[in-house]
Amino acid sequence: MVFYSNQREKYMDLQELERIVAEILQKPALHRGIEKYTRISNTLHKDSVVTNRDFQSVYADFYGLNRVWSDEEKQKYFAVMEKFKTKNKISKQQARIVFDAVCHVKEQCDISFSSKMIHHFNKDLPIWDSVVAGDHFYFEACTKGDLEYREKIMWKRYWKYKNQFYRYMESAEGKKIIELFDEYFPDSKWISKVKKLDFVLWQDKKTAGIVIAEDYKNQD
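Remember, it's a predicted structure, so these values are computed and weren't measured experimentally. (Residues numbered from 1 in each chain as written. Predicted model: local features only at pLDDT ≥ 70, side-chain atom pairs only at ≥ 80, totals over all residues. Heavy atoms only, no water.)

**Q** So, the packing of aromatic side chains: which residues are in play, and what are the values?
**A** Summed over the entire model, instances satisfying the criterion amount to 28 aromatic pairs. Look at F55 and F78: their rings are 6.2 Å apart centre to centre, the planes differ by 75 degrees, and that puts the pair in the edge-to-face class. Taken together, the residues F55 in helix α3 (residues 53-63) and F78 in helix α5 (residues 71-84) connect sequence positions 23 residues apart. Classification of F55 as buried rests on a relative accessible area of 2%. Residues Y59 and F78 carry aromatic rings whose centres are separated by 5.6 Å and whose planes lie at 75 degrees to one another, so their mutual orientation is edge-to-face. Remark: F78 occurs in helix α5 and Y59 occurs in helix α3; sequence separation between them is 19 residues. Judged by its relative accessible area of 0%, Y59 is buried. (Phe/Tyr/Trp six-rings, centres within 6.5 Å; stacked < 30°, edge-to-face > 60°. Helix = DSSP H or I, 4+ residues; strand = E, 2+ residues; numbered from the N terminus. Buried < 20%, exposed > 50% of the residue type's maximum accessible area, 1.4 Å probe, protein only.)

**Q** Got a sec to walk through the packing of helix α10 (residues 172-184) against helix α11 (residues 193-203)? Specific residues and values, please.
**A** Running from amino to carboxyl end, α10 crosses α11 at an angle of 90 degrees, the nearest separation of the two axes being 9 Å. Here α10 is positioned roughly perpendicular relative to α11, judged by the angle of their axes. Along the contact surface, α10 presents I177, I178, F181 and D182, while α11 presents K193, K196, L197, F199 and V200. Looking at the contact of α10 with α11 residue by residue, the class counts come to six nonpolar, no polar and three charged. (Axes fitted to C-alpha atoms, helices over the stretch in contact; angles between N-to-C directions. Parallel < 35°, antiparallel > 145°, perpendicular 65-115°, else oblique. Contact = heavy atoms within 4.5 Å. Nonpolar A, V, L, I, M, F, W, Y, C, P; charged D, E, K, R; others polar.)

**Q** Can you explain the environment of W155? Please cite residues and give values.
**A** Topologically, W155 is positioned in helix α9 (residues 147-169). For the pair W155 and R96, spaced 59 residues apart in sequence, the C-alpha separation works out to 7.4 Å. Sequence-distant contacts of W155, defined by excluding residues within four places in its chain, comprise K92, A95, R96, F99 and I118.

**Q** Run through the environment of D146, naming residues and quoting values.
**A** By the secondary structure assignment, D146 is in the loop between α8 (130-136) and α9. Considered as a pair, D146 and Q108 are 38 residues apart in the sequence and their alpha carbons are 9.1 Å apart. Looking at D146, its side chain comes within polar contact range of the main-chain nitrogen of Y149, at 2.8 Å. (Polar contact = N/O pair within 3.5 Å; in protein donor to acceptor, adjacent residues only side chain to side chain.)

Written as structure tokens, this is what we have:
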């Protein structure tokens, strides 16, 4: 791996980054993911997500909802989605309301599945998952304390993650990843920069090669 130094940060060599991203952009799993993400985005506002079984199936499969949620819990989850969905981008305050509502479906502080819903209400807000938020940015979920305490801590942590994600997105590496995504998928203008970067990092598993500088990672 080749790096060049700039004061306290270390950055990836952009040619090496380009090589790695080029491989990622050809992955069949990425193409399938974009297809499912597109179907979800195009269907969300067409009719009720509570009754649209095809939407539920695609969403649950894409985001792994089936692995940890029962059928009854999934119905409650989609009821929350139907209640709060809007064609306008939700604010930080509105996103917090959605976050709390999802957490109370199972009486657990679920930042992952709440952030997935929040993202579809505001495509400029990133998704928190174990690969991107965890492996790349070193953020961990809070597992101690009661539900109210964990909600408070995790909401602050999510917003810190969002800020770190944005800083990386505006770095030379982040901009290069988005540029390469746009070149490979020229019809993807409707996809936010946040999601384009997320798509690539999501397919770059921990040992694949994209190295994020320490300055962008969680230091707690």
